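So the chains spell out like this:
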Amino acid sequence: MLDSLWPLIHGAITGTIPLALSSFAIGLVLALGLALMRLSRRRWLSSIAQVYISIVRGTPLLVQLFVIFYGLPSLGIVIDPWPSAIVAFSINVGGYAAEVIRAAILSVPKGQWEAAYMIGMSHRRALTRIILPQAARVSVPPLSNTFISLVKDTSLASLILVTELFREAQQVAAFSQQFMALYLEAALLYWVICLVLSSGQGALEKRLDRYVAH
């Protein structure tokens, strides 16, 4: 286990963490757009977002990953393993985080909108300057949980040959035949990563709580 520790840590540093960060960042941008579409008065925009969210939330992440990596080549669209994983995870994060952001926006009192309009702000300016900053504070806990779940879900990328923490564990285990030890070691590293992220989440929530009136 000591001999295999560095390859697993290296897989986490060069694979798991960058994959989770890049997918989460892209997914958040997608989620914000979807949340605004869901809140739009244009029913066709809201319907498109609603169907997207329903499909993403109603199908397994593994199926989404396989459709992109193994399914799209049948249509002449071939994507390498790493980009395929980012696309799949981003799409999945977008579907789940969109509802979080939408709920956070709706949680902001309507009086905030009215006050913004009273001082001459347009709808877009009120949204970006007044509403979204308040919604961001509300959405930190659920979005942090989404990111922690994503870190664990990146292990699925090993099934399309993306070299990350769990893929490294599989390769070392195949060579050493110590499957139980290697998989338990991988589980321990995922646990440690999630503990660190949970601690960071708690610290961020306390920091943001200073700016929230009670």
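Higher on the page you've got the structure.
Residues numbered from 1 in each chain as written. Predicted model: local features only at pLDDT ≥ 70, side-chain atom pairs only at ≥ 80, totals over all residues. Heavy atoms only, no water.

### Describing the packing of helix α4 (residues 81-107) against helix α6 (residues 123-153)
Direction vectors running N to C along α4 and α6 enclose 150 degrees, while the axes themselves pass 8 Å from each other. If you check the angle between α4 and α6, you find them roughly antiparallel. Pair α4 / α6 crosses with right-handed handedness. From α4, Phe89, Val93, Ala97, Val100, Ala104, Ile105 and Ser107 reach across to α6, where they touch Ile131, Leu132, Ala135, Val138, Ser139, Pro142, Leu143, Leu150 and Asp153. Looking at the contact of α4 with α6 residue by residue, the classes come out as 13 nonpolar, two polar and one charged. (Axes fitted to C-alpha atoms, helices over the stretch in contact; angles between N-to-C directions. Helix = DSSP H or I, 4+ residues; strand = E, 2+ residues; numbered from the N terminus. Parallel < 35°, antiparallel > 145°, perpendicular 65-115°, else oblique. Left-handed = near helix turned anticlockwise from the far one by under 90°. Contact = heavy atoms within 4.5 Å. Nonpolar A, V, L, I, M, F, W, Y, C, P; charged D, E, K, R; others polar.)

### A short note on the nonpolar core
In terms of nonpolar packing, the biggest core is built from 49 residues, with Leu8, Ala85, Phe89, Leu150 and Leu165 touching the most fellow members. Mapped onto this core, the elements with two or more residues apiece are α1 (2-39), α2 (43-58), α3 (61-71), α4, α5 (110-118), α6, α7 (165-176) and α8 (179-209). Counting residues per element, this core draws most heavily on α4, at 11 residues. Ignoring any residue separated from it by four or fewer positions in sequence, one finds Phe89 in contact with Leu19, Ser23, Leu61, Leu150, Asp153, Thr154 and Ala157. (Core = buried A, V, L, I, M, F, W, Y, C linked by side-chain atoms within 4.5 Å. Buried < 20%, exposed > 50% of the residue type's maximum accessible area, 1.4 Å probe, protein only.)

### Quick word on α2
Its 16 residues place the ends of α2 22 Å apart at the C-alpha level, agreeing with the 22 Å of an ideal helix rising 1.5 Å per residue. Looking at α2, one finds that the buried residues are Leu45, Ser46, Ala49, Ile53 and Val56. For α2, the arc enclosing every buried residue in end-on projection is 100 degrees, short of the 170-degree limit, so these residues lie on one face. Opposite the buried face of α2, at more than 90 degrees from it, the exposed residues are Arg43, Trp44, Ile55 and Gly58. (Expected span 1.5 Å × (residues − 1). Arc of directions from axis to C-beta.)

### As for α4
Compared with an ideal rise of 1.5 Å per residue, which puts 27 residues at 39 Å, α4 spans 39 Å between its outermost C-alpha atoms and is within 8% of the ideal. Ala97 marks where α4 bends most, by close to 30 degrees. (Bend = angle between axes of the 7 residues up to and from the residue.)

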